[in-house]
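Summary of structural features
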Amino acid sequence: MKLLKDKIEQEGKVLSDVVLKVDSFLNHQIDPMLMKEVGEEFANRFSDQVITKVLTIESSGIAPATFLGLTLGAPVVFARKRKSLTLTDNLYSSKVHSFTKNETNEISVSKSFLSADDNIIIIDDFLANGEALRGLLDIAKQAGANVVGAGIVIEKGFQDGGKQLREEGLRIESLANIKSLANGKVEFFD
């Protein structure tokens, strides 16, 4: 997706060989026009599937998931990383380790919002080691839902998460797949 790649090259900040900061348009401040295009692109790439729910994880997956949900006319469900007073029981839960933040969170979704009748697409902002995606897959499995695939805004293709999950049979569509962040420069796979 050229628009996304251009935005990464113009506004992304390479902080190390493994960390790309995109907080000016995706992770802190959100570019709604870009997210609209992202949602439409995911809808096009998964147009061969019937999708009843969009599943993501808070917080950076919410914007692209919402724009996809708007395009599809499907509800968006996001896994919470922290418990709230209103979300205490009747939950699907899974543990997810964030290498970026060096912490493990228990993510949860109310059983009221996912079921065996659902065809789910999972959306997330980044795919690196695949931990968040695995946690969301675990929650979908607990619900008995069918996962049609995963849409990733930015994949760090130089890390193993995407490769391993594809080898396990998961369909993954990444809009920008990064080959390298070496020497402070973003290099994409073609």
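Residues numbered from 1 in each chain as written. Predicted model: local features only at pLDDT ≥ 70, side-chain atom pairs only at ≥ 80, totals over all residues. Heavy atoms only, no water.

**Notes on the overall build of the protein**
Summing up its helical and strand segments, the protein has five helices and ten strands in all. Relative to a compact globule of 190 residues, whose C-alpha radius of gyration would be 16 Å, the protein shows 16 Å and is just as compact. C-alpha atoms of the protein, sized along the principal axes, occupy 45 × 35 × 35 Å. The buried share of the protein, taken over its 190 residues, is 46%. Partitioning the intrachain contacts of the protein with sequence separation of at least 6 by distance along the chain shows that 61% fall at a separation of at least 24. Within the structure as shown, the protein displays about 9600 Å² of accessible surface, and the carbon and sulfur contribution to it stands at 48%. Charged side chains of the protein number 23 positive and 27 negative; the gap between the two group centres comes to 2 Å. (Helix = DSSP H or I, 4+ residues; strand = E, 2+ residues; numbered from the N terminus. Rg over C-alpha atoms; globule rule 2.2 N^0.38 Å. Buried < 20%, exposed > 50% of the residue type's maximum accessible area, 1.4 Å probe, protein only. Contact = heavy atoms within 4.5 Å. Areas by Shrake-Rupley, 256 points an atom, 1.4 Å probe, with all protein chains shown as cover. Lys, Arg positive; Asp, Glu negative; His and termini not counted. Charge placed at Lys NZ, Arg CZ, Asp CG, Glu CD.)

**Quick notes on the pattern of salt bridges**
Close approach of charged atoms allows side chains of opposite charge to pair. Taken as a whole and assessed by the stated rule, the structure comprises 14 salt bridges. One salt bridge connects Lys7 with Asp31, and the closest N-O pair in it is separated by 2.9 Å. Placement of the pair is Lys7 in helix α1 (residues 2-11) and Asp31 in the loop between β2 (20-21) and α2 (32-45), with a sequence separation of 24 residues. For Arg166, the salt bridge identified is with Glu155, shortest N-O distance 2.9 Å. With a gap of eleven residues between them, Arg166 in helix α5 (residues 161-167) and Glu155 in strand β8 (residues 146-156) connect regions that are remote in the sequence. (Salt bridge = Lys/Arg side-chain N within 4 Å of Asp/Glu carboxyl O.)

**Here's the deal with the packing of α2 against helix α3 (residues 62-72)**
As a packed pair, α2 and α3 sit with axes 8 Å apart at the nearest point and diverge in direction by 60°. Taken together, the axes of α2 and α3 are oblique relative to one another. The hand of the α2/α3 crossing is right-handed. Contacts between α2 and α3 involve Pro32, Met35, Lys36, Val38, Gly39, Glu40, Phe42 and Ala43 from the first element and Ala63, Pro64, Phe67, Leu68, Thr71 and Leu72 from the second. Of the residues assigned to the contact of α2 with α3, the class counts are ten nonpolar, two polar and two charged. (Axes fitted to C-alpha atoms, helices over the stretch in contact; angles between N-to-C directions. Parallel < 35°, antiparallel > 145°, perpendicular 65-115°, else oblique. Left-handed = near helix turned anticlockwise from the far one by under 90°. Nonpolar A, V, L, I, M, F, W, Y, C, P; charged D, E, K, R; others polar.)

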